[in-house]
Number of protein chains: 2
Amino acid sequence: MGDTGNTSSTRNTAPASPSAPASTQERLVTSTQELLWERGYVGTSPKAILERAGVGQGSMYHHFTGKSDLALAAIRRTADGMQQAAEECFTAPGTAYDRVASYLLRERQVLRGCPIGRMTQDRDVVRSPELRQPLDEMFGWLRHRIAEVLAEGQRRGELAAGLDPVATAAAVAAVVQGGYVLARAAEDTAPFDAAVRGVLALLAAQAVIPATAPSSDTA
Amino acid sequence: MGDTGNTSSTRNTAPASPSAPASTQERLVTSTQELLWERGYVGTSPKAILERAGVGQGSMYHHFTGKSDLALAAIRRTADGMQQAAEECFTAPGTAYDRVASYLLRERQVLRGCPIGRMTQDRDVVRSPELRQPLDEMFGWLRHRIAEVLAEGQRRGELAAGLDPVATAAAVAAVVQGGYVLARAAEDTAPFDAAVRGVLALLAAQAVIPATAPSSDTA
DNA sequence: GTCTATATCGGGATAGAC
DNA sequence: GTCTATCCCGATATAGAC
């Protein structure tokens, strides 16, 4: 129960040389990331992890205290990767709308779902403060970052001043997560794409018209 | 494997007299509905269902061919209930915006998540055509119904003609499902509420101004 | 119809050899 | 560090008594 003794906590960086032959520990984490994505936490057994990683039981219990400890390492790794990928969209050049659009339209494996969002539906994950924390941080950061981009767009006069950056950011993040749900229910990416088009169109309507006459402030 | 022999298929109505002491079969379905919501499909064992329903193993395998067959009955029942609840919002009086808002703002047990949306994250459910069908129908109907309401709003001149009803409907449905995800990650309903406020504000901006001068058509 | 055995399998973890 | 052997329990289903 009280496991998850990850002392090397917080650190969840991938190995320095990504090309080097993966260590046993690395292979365990990678395999766990894949299986958590495919089957969720309850659906993922240590046995399946070991088989995919190609190692024996002993190795796993040597490097990790148990299933939840290994899952913690895997979830952190995945969350970090997602955050980096998202940040690339938000720092891209262009208007606030462009950058949000870049995030929404970025390539995704829609039918596989969101590897982090999925964890949210897993009872054992949400009930464990340690396992939930990376999800909380990731989505908290995401909403905050989108809100920042939107607020910046307002300051630049690109977006209507009346827009609520925080609420809009939550809506944008929710559309992506909900899009996954709708797509998986239909076994078709179309609902995801439609949802993204939907918010983007609504957001585009908030773009300020190129300012017909700001001529007065120069006079 | 090839079970789910629900011959009384399609029918998933609750018993005629909801007040009468629930039959064994009814208690099994109800217990399964609850457990699927709480723990998902993989996380729900027949044993747990039997304990909650207060019946023995024999009863379950007498009325149903197995776990998946019972789950099918439960999922259908839940999906039907959700559809009915949603329809009440859409048939309510008021503008298209009002009716969509009524759906979005309707009371929910946000932190428990969506009982149908959750199934979407469950491998065994999505991989089974029978089990996935109710989800597909439910969300398909939902998107279609929201699109209808929006299109009607356009015809009535309440909403901007440029609005894409189908894409907007997908976005609205996605915001709800994604809101659940964000809320559960944060263990806080705030992100859900923010997301709903967000889309509603964006949608409100699509409302046509009360028409300053429709005076010409009477002349 | 409903119950209580019973059977088989896999999940999750430990022990101890190499 | 890594492996295999072993342990205990719960998941899922069947058999057959009442």
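Treat the numbers as computed from the prediction; the structure is a model and nothing was measured.

Enquirer: Would you take a moment to explain the interface of chain A and chain B for this structure?
Expert: Much of the literature gives interface size as the accessible area that the parts lose upon coming together. Contact residues are listed per partner, giving 42 residues for chain A and 42 residues for chain B. Across the interface of chain A and chain B, roughly 3,800 Å² is buried in total on both sides, 65% from carbon and sulfur atoms. Linking chain A with chain B are four salt bridges. One salt bridge connects Glu187 of chain A with Arg132 of chain B, and the closest N-O pair in it is separated by 3.2 Å.

Enquirer: Sorry, what's going on with the nonpolar core here?
Expert: Nonpolar side chains in soluble globular proteins tend to be buried together. In this structure, Ile146 of chain A together with Ile146 of chain B are the most contacted members of the largest nonpolar core, which totals 130 residues. If near-sequence neighbours (up to four positions away) are discounted, Ile146 of chain B is found in contact with Phe90, Val100, Tyr103, Ala169, Val172 and Ala173 of chain B.

Enquirer: Whenever I open this one, the protein's contact with DNA strand C confuses me. Can you help?
Expert: In the vicinity of DNA strand C lie 15 residues, with Pro46 and Gln57 of chain A together with Gly56, Ser59 and His63 of chain B positioned nearest. Close to the protein, within 4 Å, the atoms of DNA strand C belong to sugar or phosphate groups at a rate of 67%. In the model, a phosphate oxygen of DNA strand C is placed 2.5 Å from a nitrogen or oxygen of the Gly56 of chain B main chain. Looking at the surface near DNA strand C, the elements that each hand over two or more residues are helix H2 (46-53) and helix H3 (57-63) of chain A together with helix H3 (57-63) of chain B. Here the surface near DNA strand C gets five residues from one element, more than from any other, and that element is H3 of chain B. Across the surface near DNA strand C, the residue classes break down as three nonpolar, 10 polar and two charged.

Enquirer: Please clarify how the packing of helix H8 (residues 165-186) of chain A against helix H8 (residues 165-186) of chain B should be interpreted in this entry.
Expert: For any two helices packed against each other, one specifies the inter-axial angle together with the distance between the axes. The geometry of H8 of chain A relative to H8 of chain B is characterised by a closest axis approach of 6 Å and an angle of 95° between their N-to-C directions. Here H8 of chain A is positioned roughly perpendicular relative to H8 of chain B, judged by the angle of their axes. Along the contact surface, H8 of chain A presents Ala170, Ala171, Ala173, Ala174, Val175, Gln177, Gly178, Gly179, Val181 and Leu182 of chain A, while H8 of chain B presents Ala170, Ala171, Ala173, Ala174, Val175, Gln177, Gly178, Gly179, Val181 and Leu182 of chain B. Considered class by class, the residues forming the contact of H8 of chain A with H8 of chain B number 14 nonpolar, six polar and no charged.

Enquirer: Would you mind going over the relation of the copies chain A and chain B with me for this structure?
Expert: These two copies of the chain differ by a rotation about an axis and a displacement along the same axis. You can overlay chain A on chain B at an RMSD of 0.0 Å; the transform is a turn of 180° with a shift of 0.0 Å along its axis. These values place the two chain copies in the arrangement generated by a two-fold rotation axis. Residue Gly178 of chain A, judged by its C-alpha, is the member of chain A lying nearest the rotation axis, at 1.9 Å. Both copies contact each other with a shared surface, as 100% of the interface residues of chain A are interface residues in chain B too.

Enquirer: Whenever I open this one, the UniProt feature "domain: HTH tetR-type" (unreviewed entry) in chain A confuses me. Can you help?
Expert: In this numbering, the UniProt entry assigns the feature "domain: HTH tetR-type" (unreviewed entry) to residues 22-82 of chain A. As annotated, residues 22-82 of chain A comprises 77% helix and 0% strand, and the C-alpha atoms at either end are separated by 21 Å.

Enquirer: Teacher, can you tell me more about the UniProt feature "DNA-binding region" (unreviewed entry) in chain A here?
Expert: UniProt annotation of "DNA-binding region" (unreviewed entry) refers to residues 45-64 of chain A when read in the numbering used here. Regarding residues 45-64 of chain A, the helix share stands at 75% and the strand share at 0%, and the terminal C-alpha atoms are separated by 14 Å.

Enquirer: Before we go on, may I ask you to explain the protein's contact with DNA strand D in this structure?
Expert: Taken together, 16 residues lie around DNA strand D, and Gly56, Gly58 and His63 of chain A together with Pro46 and Gln57 of chain B are the ones closest in. Backbone atoms, meaning sugar and phosphate, make up 64% of the atoms of DNA strand D lying within 4 Å of the protein. Within the backbone of Gly56 of chain A, one N or O atom sits 2.5 Å away from a phosphate oxygen of DNA strand D. In this structure, a phosphate oxygen belonging to DNA strand D sits 2.6 Å away from a side-chain N or O atom of His63 of chain A. Of all the elements in the fold, those that place two or more residues in the surface near DNA strand D are H3 of chain A together with helix H2 (46-53) and H3 of chain B. In terms of residues, the surface near DNA strand D owes the most to one element, H3 of chain A, which gives five residues. Across the surface near DNA strand D, the residue classes tally to three nonpolar, 11 polar and two charged.

Enquirer: Can you help me understand helix H7 (residues 129-155) of chain B in this one?
Expert: Quick reminder: α-helices carry 3.6 residues per turn. Residues three or four places apart thus point the same way. Taking 1.5 Å as the rise per residue, H7 of chain B with 27 residues should run 39 Å; its terminal C-alpha atoms sit 37 Å apart, in good agreement. Downstream of H7 of chain B by one or two residues, Gly157 of chain B has phi in the positive range, about 80°.

Enquirer: Just to check I follow, could you spell out H8 of chain A for this structure?
Expert: All names here are of chain A. In a regular helix each residue adds 1.5 Å, so 22 residues correspond to 32 Å; H8 covers 31 Å between its end C-alpha atoms and thus fits that length. With 21 of its 22 residues buried, H8 lies for the most part within the structure. The N-capping residue of H8, defined by a side-chain oxygen 3.0 Å from the backbone nitrogen of Val166, is Asp164. Glu187, located one to two residues past H8, shows a positive phi value of around 50°.

Enquirer: Got a minute to help me understand the pattern of salt bridges in this structure?
Expert: Opposite charge on two side chains lets them pair, provided their charged atoms get close. Taken as a whole and judged by the stated rule, the model has 22 salt bridges over all chains. Across the pair Asp164 of chain A and Arg197 of chain B runs a salt bridge, and its minimum N-O distance is 3.4 Å. Here Asp164 of chain A is found in the loop between helix H7 (129-155) and H8, whereas its partner Arg197 of chain B is found in helix H9 (residues 190-204) on a different chain. Taking relative accessible area as the criterion, Asp164 of chain A reaches 33% and is therefore assigned partly exposed. If you follow the salt bridges from partner to partner, you end up with Arg99, Glu152, Arg156 and Glu158 of chain A in one network.

Enquirer: Mind showing me how you'd approach the state of the cysteines here?
Expert: Cysteine pairs can be covalently joined through their sulfur atoms, and such a bond is termed a disulfide. This structure, assessed with the given rule, holds zero disulfides over all chains. No disulfide involves Cys89 of chain A; its sulfur sits 14 Å from the nearest other cysteine sulfur, which is in Cys114 of chain A.

So, how was this worked out
The written sequence of each chain sets the order in which its residues are numbered from 1. For naming, the first written chain is A and the first written ligand is 1, with later ones following in the order written. Local features in this predicted model are restricted to residues whose pLDDT is 70 or higher, and side-chain atom pairs enter the listing and the counts only when it is 80 or higher, whereas totals over whole chains, interfaces and linings include all residues. Each side-chain value is derived from all of the structure's non-hydrogen atoms; neither hydrogens nor water enter the calculation. Residues are treated as being in contact if the distance between any of their heavy atoms lies within 4.5 Å. In short, buried area is how much 1.4 Å probe accessible area vanishes from two parts on joining, totalled over both. Salt bridges are defined as contacts in which a side-chain nitrogen from Lys or Arg sits within 4 Å of a carboxyl oxygen from Asp or Glu. Definition used in this section: a nonpolar core is a set of buried Ala, Val, Leu, Ile, Met, Phe, Trp, Tyr and Cys residues joined via side-chain atoms within 4.5 Å. Accessible area is worked out with a 1.4 Å probe on protein chains only. A residue is then buried under 20% of its type maximum, exposed over 50%, and partly exposed in between. One heavy atom within 4 Å of a molecule or strand is enough for the residue carrying it to be called near that molecule or strand. We call two N or O atoms a polar contact when they sit within 3.5 Å, provided that within protein one can donate a hydrogen and the other can accept it, with sequence-adjacent residues counted only if both atoms are side-chain atoms. Helix and strand labels come from DSSP, where a helix needs a run of H or I of at least four residues and a strand needs a run of E of at least two; each type is numbered from the N terminus. Ten residues, namely Ala, Val, Leu, Ile, Met, Phe, Trp, Tyr, Cys and Pro, are considered nonpolar, four, namely Asp, Glu, Lys and Arg, are considered charged, and the remaining ones, Gly among them, are considered polar. Geometry is summarised by axes, namely lines fitted to C-alpha atoms with helices restricted to the contacting stretch, and by angles between N-to-C directions that run from 0 to 180 degrees. Under this scheme an angle from 65 to 115 degrees is roughly perpendicular, one under 35 degrees roughly parallel, and one over 145 degrees roughly antiparallel; angles in between are oblique. Superposition of the copies used a least-squares fit over C-alpha atoms from residues whose pLDDT is at least 70 in both. UniProt positions are given in the numbering used here, feature names are shortened, and annotations may be inferred rather than shown by experiment. How far a helix is expected to stretch is found by multiplying one less than its residue total by 1.5 Å. Disulfides are defined in this document as cysteine sulfur pairs within 2.5 Å.

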